[in-house]
Amino acid sequence: MNILAHALLAAPDDDRIFGSLIGDFVRGAIDPALPSGVREGIVLHRAIDTYTDAHPEIAAARPLFEPPFRRYAGIMLDMWFDHLLAREWRHYGDGALDDFSRRVRSLLDSRRTLVPARMHGFVAYLHAHDLPAAYRDTPVIGEALGGISSRLTRPNPLRDALPVLVALDAELQARFDRFFPQLHAFARMQIDRRS
């Protein structure tokens, strides 16, 4: 899952949301000096990623992508599912998506000293592009995939992935609609276990 889903699944606690936001940028052991809620958010982020990667709906969605895109199906699904979540926010989120998006950016700004150094560029990107709310706009997903493509070290097709995702929209929407409620229930269970 991508940033919007991780933040929503960690809500409403600010520390846990923040931890979930930085989760992709924290490698290895979690710093015990971090606030406990932030540590919980990182653990939740990792559990969500593991659950997602093993879920039957995700496993069934990967073969929908023909080579050379299949190798990058995980990235493409993460981005498209954030697009679907943003597009259908009224079904999954509380309040307005724009308000939640501002909250995400504000949390990252107010805890800048805890944001991993290699994430600072991404935080600036979120501000510059009104993310994660703008993920609801299809062209923004194409731009984001182009950015990811340029950061990968080997040649890849992500810059040309948007038409593939658009063509698969109905199938991916159906899979998302079955998957996301289960993921939400899993995240609540993980949070309840640590409460």
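Residues numbered from 1 in each chain as written. Predicted model: local features only at pLDDT ≥ 70, side-chain atom pairs only at ≥ 80, totals over all residues. Heavy atoms only, no water.

Draft legend 1. Up close: the pattern of salt bridges. Applying the stated rule across the entire model yields ten salt bridges. Across the salt bridge formed by Arg-90 and Glu-88, the nearest N and O atoms sit 3.9 Å from each other. Judged by its relative accessible area of 62%, Arg-90 falls in the exposed class. When salt bridges that share partners are traced, they join Glu-57, Glu-171, Arg-175 and Arg-178 into one network. (Salt bridge = Lys/Arg side-chain N within 4 Å of Asp/Glu carboxyl O. Buried < 20%, exposed > 50% of the residue type's maximum accessible area, 1.4 Å probe, protein only.)

Draft legend 2. Local environment of the layout of surface pockets. Space inside the largest pocket adds up to approximately 860 Å³. Residue assignment for the lining of the largest pocket shows that the elements contributing at least two residues are helix H1 (3-10), helix H2 (14-22), helix H3 (36-54), helix H5 (73-87), helix H8 (120-128) and helix H9 (138-151). Counting residues per element, the lining of the largest pocket draws most heavily on H5, which supplies five residues. Here the lining of the largest pocket is composed, by residue class, of 14 nonpolar, seven polar and eight charged. (1 Å grid on protein atoms, 1.4 Å probe; cavity = no way out; pocket = protein on both sides within 12 Å on 5 of 7 lines; lining within 4 Å. Points joined across faces, edges and corners; volume = space filled by probe spheres on them. Helix = DSSP H or I, 4+ residues; strand = E, 2+ residues; numbered from the N terminus. Nonpolar A, V, L, I, M, F, W, Y, C, P; charged D, E, K, R; others polar.)

Draft legend 3. Local environment of empty space enclosed by the protein. Here the structure, examined in full by the defined rule, presents one cavity of 30 Å³ or more. Mapped by element, the contributors of at least two residues to the lining of the largest cavity are H3 and helix H11 (169-194). Grouping the constituent residues of the lining of the largest cavity by class yields two nonpolar, one polar and three charged.

Draft legend 4. Broad picture of the nonpolar core. One finds Phe-65, Phe-81, Leu-108, Tyr-135, Leu-172 and Phe-180 to be the most contacted residues of the largest nonpolar core, which totals 66 residues. It is H5 that contributes the most residues to this core, nine residues altogether. (Core = buried A, V, L, I, M, F, W, Y, C linked by side-chain atoms within 4.5 Å.)

Draft legend 5. Inspection of H3 at higher detail. The first and last C-alpha atoms of H3 sit 27 Å apart over 19 residues, in line with the 27 Å expected at 1.5 Å per residue. Within H3, the full set of buried residues consists of Gly-37, Val-38, Gly-41, Ile-42, Leu-44, His-45, Ala-47, Ile-48 and Thr-52. At its buried positions, H3 is contacted by H1, H2, helix H4 (56-61) and H11. (Expected span 1.5 Å × (residues − 1). Contact = heavy atoms within 4.5 Å.)

Draft legend 6. Up close: the environment of Leu-165. Following the sequence through the fold, Leu-165 ends up in helix H10 (residues 162-167). The spacing of Leu-165 and Leu-64 is 101 residues in sequence and 9.9 Å in space, taken between C-alpha atoms. For Leu-165, the contacting residues outside a window of four places in its chain are Phe-65, Met-76, Trp-80, Leu-145 and Leu-172.

Draft legend 7. Representation of the side chain of Ser-20 within the structure. With respect to the helices and strands, Ser-20 occurs in helix H2. Residue class for Ser-20 comes out buried when judged on its relative accessible area of 1%. In terms of polar contacts, Ser-20 uses its side chain to reach the backbone carbonyl oxygen of His-6, at 3.3 Å. When residues no more than four places from it in sequence are discounted, the contact partners of Ser-20 are His-6, Ala-7, Ala-10, Gly-41, Ile-42 and His-45. (Polar contact = N/O pair within 3.5 Å; in protein donor to acceptor, adjacent residues only side chain to side chain.)

Draft legend 8. Summary view of the packing of aromatic side chains. With the rule as written, the count across this model stands at eight aromatic pairs. Aromatic side chains Phe-81 and Phe-176 sit 5.2 Å apart centroid to centroid with 65° between the ring planes, which places their arrangement in the edge-to-face category. A residue pair is termed long-range when its members are at least 10 positions apart, and Phe-81 in helix H5 and Phe-176 in helix H11 qualify at 95 residues. We classify Phe-176 as buried; its relative accessible area is 0%. When the centroid spacing of 5.1 Å and the interplanar angle of 80° are considered together, the rings of Tyr-92 and Phe-180 count as edge-to-face. In this pair, Tyr-92 is assigned in helix H6 (residues 89-92) and Phe-180 in helix H11, connecting sequence segments 88 residues apart. Judged by its relative accessible area of 21%, Tyr-92 falls in the partly exposed class. On the basis of relative accessible area, Phe-180 is assigned to the buried category, the value being 1%. Feature note: the residues Phe-81, Tyr-92, Phe-176, Phe-179 and Phe-180 constitute an aromatic cluster, connected by ring pairs. (Phe/Tyr/Trp six-rings, centres within 6.5 Å; stacked < 30°, edge-to-face > 60°.)

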